[in-house]
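Coordinates in review
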Amino acid sequence: MAATRRLVNTVAVITINHPPVNALSSSVRHALVEEFGKASKDPTVEAIVLNGSNGKFSAGADIREFGTSAIKTVSLEDINGTIEASQKPVVAAIEGIALGGGLELALACHYRVADIQSRVGLPEVLIGILPAAGGTQRLPRLIGIPAALDVIVRGRHIPATEALNLGIVDEVVQGSAVDAAIQLAQKVIGLPLNKRRLSTLRISSNLNMEDFLDTTVEKTKKQFRGAQAPMACIEAVRASVLLPYHRGVEKERQLFLSLWATGQPQAQQYAFFSEREAAKWSHPSGARWYSEEPKLVRTAAVIGLGTMGRGIVISLSKANIPVIAIEQDAYQLEMGKKAVNSLLEREAEKLKQQGFSPGSKLASVHFTLAFGELQDVDLVIEAVYENMELKKEIFRKLSSVCKSNAFLCTNTSGLNIDEIASVTDRPNQVIGTHFFSPANIMKLLEVVRGQQTSLTTIATAMNLGKILGKVTVLVGNCPLFVGNRMLGPYLEQASYLLEEGCYPETVDRAMEEFGFAMGPFRMMDLAGLDVGWRSRTEKGLTGANVPQGTPARKRLGNRYSPLADLLCESGRFGQKTGKGWYQYEKPGGRTARPDPWVKDFLQKYRKTHQIKQQPSNQEQIVERCVYALANEGFRILEDGIASCPEDIDVIYNNGYGWPKYRGGPMYYASFVGLPKVFNTLEKYYKANADVPSMKPAFLLKKLAAVGGPPIKEWRLQVGKPVNKL
Ligand SMILES: CCCCCCCCCCCCC[C@H](O)CC(=O)SCCNC(=O)CCNC(=O)[C@H](O)C(C)(C)COP(=O)(O)OP(=O)(O)OC[C@H]1O[C@@H](n2cnc3c(N)ncnc32)[C@H](O)[C@@H]1OP(=O)(O)O
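None of the values given here were measured: they were computed from a predicted structure.

About the thresholds
- Residues numbered from 1 in each chain as written.
- Predicted model: local features only at pLDDT ≥ 70, side-chain atom pairs only at ≥ 80, totals over all residues.
- Heavy atoms only, no water.
- Axes fitted to C-alpha atoms, helices over the stretch in contact; angles between N-to-C directions.
- Helix = DSSP H or I, 4+ residues; strand = E, 2+ residues; numbered from the N terminus.
- Parallel < 35°, antiparallel > 145°, perpendicular 65-115°, else oblique.
- Left-handed = near helix turned anticlockwise from the far one by under 90°.
- Contact = heavy atoms within 4.5 Å.
- Buried < 20%, exposed > 50% of the residue type's maximum accessible area, 1.4 Å probe, protein only.
- Arc of directions from axis to C-beta.
- Domains from an automatic or database assignment.
- Buried area = accessible area lost by both parts, 1.4 Å probe.
- Near = heavy atom within 4 Å.
- Polar contact = N/O pair within 3.5 Å; in protein donor to acceptor, adjacent residues only side chain to side chain.
- Areas by Shrake-Rupley, 256 points an atom, 1.4 Å probe, with all protein chains shown as cover.
- Nonpolar A, V, L, I, M, F, W, Y, C, P; charged D, E, K, R; others polar.

What follows covers the packing of helix α4 (residues 135-143) against helix α5 (residues 145-154). Where α4 meets α5, the axes come as close as 7 Å, and the angle between the chain directions of the two elements is 135°. Regarding the angle of α4 to α5, the classification is oblique. Here α4 and α5 pass one another in a crossing that is right-handed. Within the contact between the two elements, α4 uses Gly135, Thr136, Leu139, Pro140 and Ile143 and α5 uses Ile145, Ala147, Ala148, Val151 and Ile152.

Now the structure itself:
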């Protein structure tokens, strides 16, 4: 049964029963109509409590139903209307989550009681739509326009205590929300319900409301560049001010349908399900996530308290895993300790505001210089800077100090996991954990399996990622793994565009208007140009080891752009030096301004090398950069480094500022049409045979030849993720 009903004295308790998250599928909606109908008619029932089974109220509409005919049967808004009109008081007992349509259902009830651990919210915007069961009309009537806009446009999950302060729920309880809701229901039997019917309330609007909404539109446009859903949310909330409830609901539905027509919801919902699928990892041996038990990580250690190490320590502590944090000398340890403690204080403050005792949520961090103290930890994450020799030295030490069943993880953005594992006494327990900076904020974790990494080690690292609240993707071992490897051809094209007549700001603007959080040049300035320079120098692509007589713009017979090297040679490392592709207000400054020096430098460079000026327009810039990126994604699939295109998209959506409303680079290629992507790359490569990264990947060619099947069918062509490198 999708919903059940039981009687407690004169209170009917209706329970939504649709595991795992009580999504409001067509069968649930039918069952709710039936149970509410019966409870309304039953003369022994004086009040109704609505809750969800397994400690979860509801995660909202069943997202899998969008785009199918099931969504059109029994509208949730009609059910909400019936509940709100009930002559018997209805109390929502919120446990766990009341999200999206789940919260809209609760808002239709006359009262809401939540348990202290629960979260409520309207996260529809995150999957490309807007609350469309009356939520954009009821919430503003309950908590006012500014607060409702914040909740609806940001789509964040709101902890119960904050929901109480905002007025979204009436009561927060430590114990059972259902018991408290039954008590409240009994208390309010016979009391008038008019003021509890949110759709009937008037919004107290002041004269500046239109100005306020217009300002919000402008801010939101900038913040969510290109995303349509946040704008639709504001328009729906505007309707709640201007129109009576039923007309507001019509507007809400109209906006929902217009959004659907943009294609953005489909991309975002693909991204949503791809994230969940990524957790269901597979291994070339045929093993899958369900066949391997992860080991429990009760204690962990982090080596190195630089930016990455600090973030990782915070993540572990927030996941209630006690941490030993190690540095190489007293000064670095003290610096790391100060930074970590100040971040932990902030976390503790947030917890206090949510009504929790920080001690119960944040695990302890012990700072030390002594490796010997690591003998009992279950797992170590090494997070020193990217230097193979240093990492190997640390892993040798860990091998001798840590207990034999401890797992050893290396936080690297591209070094060879097998080489690091080879110096240990347990290569099967070594794995790469590529966190993204800042590690306590960024959602992505690339878990990199080496040749000898055991299934238990993989299961443990993947599970740890989940415990840390990360979107975790398992990938194979190759230079730079998935995300950074794809950046290579992308950044290469960005540099060529500068040689050919564009400027950093032109390229960045095009990519940012496409939806990237940051264009390639701003991104390089943020990351530090010296990082890539060091790596190119080590590879002999620049610096003293370049063979004499090598042309400035060629390496190994292929096109090469030395622009970034030349910037570094002038001491321009990006934000950290206050100068890079842009100029900044000071070293460490954040505001990028176009730099006349760079313009002059580029003009001289083009003249020196007699490069024909053909500045590309916005569409060409996007095509060259994005197709280059996706093409490398196809190669990564061919090489067996990523298991499926969805994993690549998850990596780009969560670690590289790719606009989720475009699904990810592989989804985008599929959306544009693989034959078109193939033909464009082929044309470019024919004209530029010295740019091998633009040669269409074999897999792309194969898929394009059969007309570009839907992305979920690519797996058939890709096969098992066997590392072919
Ligand atoms: C198209 C033309 C139509 C024309 C008709 C127009 C009529 C329009 C009427 C529209 C009515 C709209 C009503 C409403 O406003 C819309 C919504 O409610 S949209 C949904 C909003 N809710 C969310 O976005 C929540 C999404 N879920 C989560 O954030 C998380 O899953 C969670 C609930 C916080 C739980 O997190 P975890 O514990 O980490 O678990 P998982 O994330 O792994 O999830 C477990 C499992 O559940 C699946 N799942 C989760 N939520 C939903 C969902 N809402 N619908 C379907 N399935 C869901 C998830 O995929 C996992 O599945 P598994 O991987 O195990 O198969």
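Moving on from the model shown.
Further remarks concern helix α27 (residues 698-705). Among the residues of α27, Leu699, Leu700, Leu703 and Ala704 are the ones counted as buried. Seen end-on, α27 carries its buried residues on one side only, within an arc spanning 130°. Opposite the buried face of α27, by more than 90 degrees, sit the exposed residues Phe698 and Ala705. For α27, the secondary structure elements touched by its buried residues are α23 (618-638), α26 (674-687) and α28 (714-718). Downstream of α27 by one or two residues, Gly707 has phi in the positive range, about 90°.

Here the focus is the domain arrangement of the protein. By domain assignment, the protein separates into domain 1 (3-262), domain 2 (300-475), domain 3 (501-608) and domain 4 (618-724). The straight-line distance from the C-alpha centre of domain 2 to that of domain 4 is 32 Å. If you look at the interface, domain 2 gives 12 residues, while domain 4 gives 10 residues. Taking both sides of the interface into account, the surface hidden between domain 2 and domain 4 amounts to around 860 Å²; carbon and sulfur atoms contribute 61%.

Turning to the site of the ligand, a few remarks are in order. Around the ligand sit 32 residues, and of these Gly101, Glu104, Glu124, Arg276 and Lys280 come closest. Between the ligand and the protein, one listed contact pairs an oxygen atom with a backbone N or O atom of Gly101 at 2.7 Å. Glu124 is positioned such that a nitrogen or oxygen atom in its side chain is 2.8 Å from an oxygen atom of the ligand. Protein contacts shield 78% of the accessible area of the ligand, which totals 1,300 Å² for the unbound molecule. Sorting the residues of the shell around the ligand by element identifies β5 (97-99), α3 (101-108), α10 (245-262) and α11 (264-278) as the ones contributing at least two each. Ranked by the residues each element gives to the shell around the ligand, the list is headed by α10, at four residues. Residue classes in the shell around the ligand are distributed as 20 nonpolar, five polar and seven charged.

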